[in-house]
Amino acid sequence: MALQRTFSILKPDATRRNLTGKINAKIEESGLTIVAQKRLWLTRTQAEGFYAVHAERSFFGDLCEFMSSGSVVVQILEGENAVAKYRDIMGATNPANANDGTIRKEFAESIEANSVHGSDSEENAAIEISYFFSAIEIVG
Ligand code: CMP
């Protein structure tokens, strides 16, 4: 498996509880490297743009409200099989279904306030990375 990049967000429920260090430790312990990272406070419009693929879902309005309710940390993670590896250590979307030891099992508050986002494919990772980062911000 080749070296891959994936996109990650530490969500407002995580920043509010000062969990970014603990979550980054789990990311780094998994072997993934944080090659870009910055803290932002998304506007409602920016959150809607990022989650546009979910625009028809019943939870879309609440999700965008939540994602713009506090600061987030956006990241690019690099490593072997990074997309699948990060999804593995994040755990299931709903923390009630997440495996022991995963980020969401340990930290998530609910299916919405689930602490982290990770890309679901290499193709979407590239799209999501380009939504937040320019080339000059990424350690090569
Ligand atoms: P994320 O991986 O960021 O992708 C979409 C987000 O929508 C998801 O994590 C959850 O935070 C949120 N969400 C809220 N309700 C649901 C739901 N019923 N099913 C899936 N995702 C949901």
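For the structure, check the block above.
Read on for a plain summary of the structure. Source: prediction; values computed, not measured.

1. Quick notes on the side chain of Thr20
Phase 1: Following the sequence through the fold, Thr20 ends up in helix H2 (residues 20-29).
Phase 2: Residues within four places of Thr20 in sequence aside, it is in contact with Leu10, Ala14, Thr15, Arg39 and Val73.

2. A word on H2
Phase 1: All buried positions along H2 are accounted for by Thr20, Ile23, Asn24, Lys26 and Ile27. Across the axial projection of H2, the buried residues extend over an arc of 155 degrees, all falling on one side. In H2, the exposed residues that point more than 90 degrees away from the buried face are Lys22 and Glu29.
Phase 2: Of the residues one or two after H2, Gly31 is the one with positive phi, at around 100 degrees.

3. Observations regarding the site of the ligand
Phase 1: Close to the ligand lie Lys11, Tyr51, His54, Phe59, Leu63, Thr93, Arg104, Ile111, Glu112, Asn114 and His117, which account for all nearby residues.
Phase 2: In this structure, Ile111 approaches the ligand through a main-chain N or O atom, which is 3.2 Å from an oxygen atom.
Phase 3: Here an oxygen atom of the ligand sits 3.0 Å away from a polar atom, N or O, in the main chain of Glu112.
Phase 4: Burial of the ligand by the protein chains amounts to 79% of its free accessible area of 450 Å².
Phase 5: Looking at side-chain class alone, the shell around the ligand contains four nonpolar, four polar and three charged residues.

Conventions we followed
- Residues numbered from 1 in each chain as written.
- Predicted model: local features only at pLDDT ≥ 70, side-chain atom pairs only at ≥ 80, totals over all residues.
- Heavy atoms only, no water.
- Helix = DSSP H or I, 4+ residues; strand = E, 2+ residues; numbered from the N terminus.
- Contact = heavy atoms within 4.5 Å.
- Buried < 20%, exposed > 50% of the residue type's maximum accessible area, 1.4 Å probe, protein only.
- Arc of directions from axis to C-beta.
- Near = heavy atom within 4 Å.
- Polar contact = N/O pair within 3.5 Å; in protein donor to acceptor, adjacent residues only side chain to side chain.
- Areas by Shrake-Rupley, 256 points an atom, 1.4 Å probe, with all protein chains shown as cover.
- Nonpolar A, V, L, I, M, F, W, Y, C, P; charged D, E, K, R; others polar.

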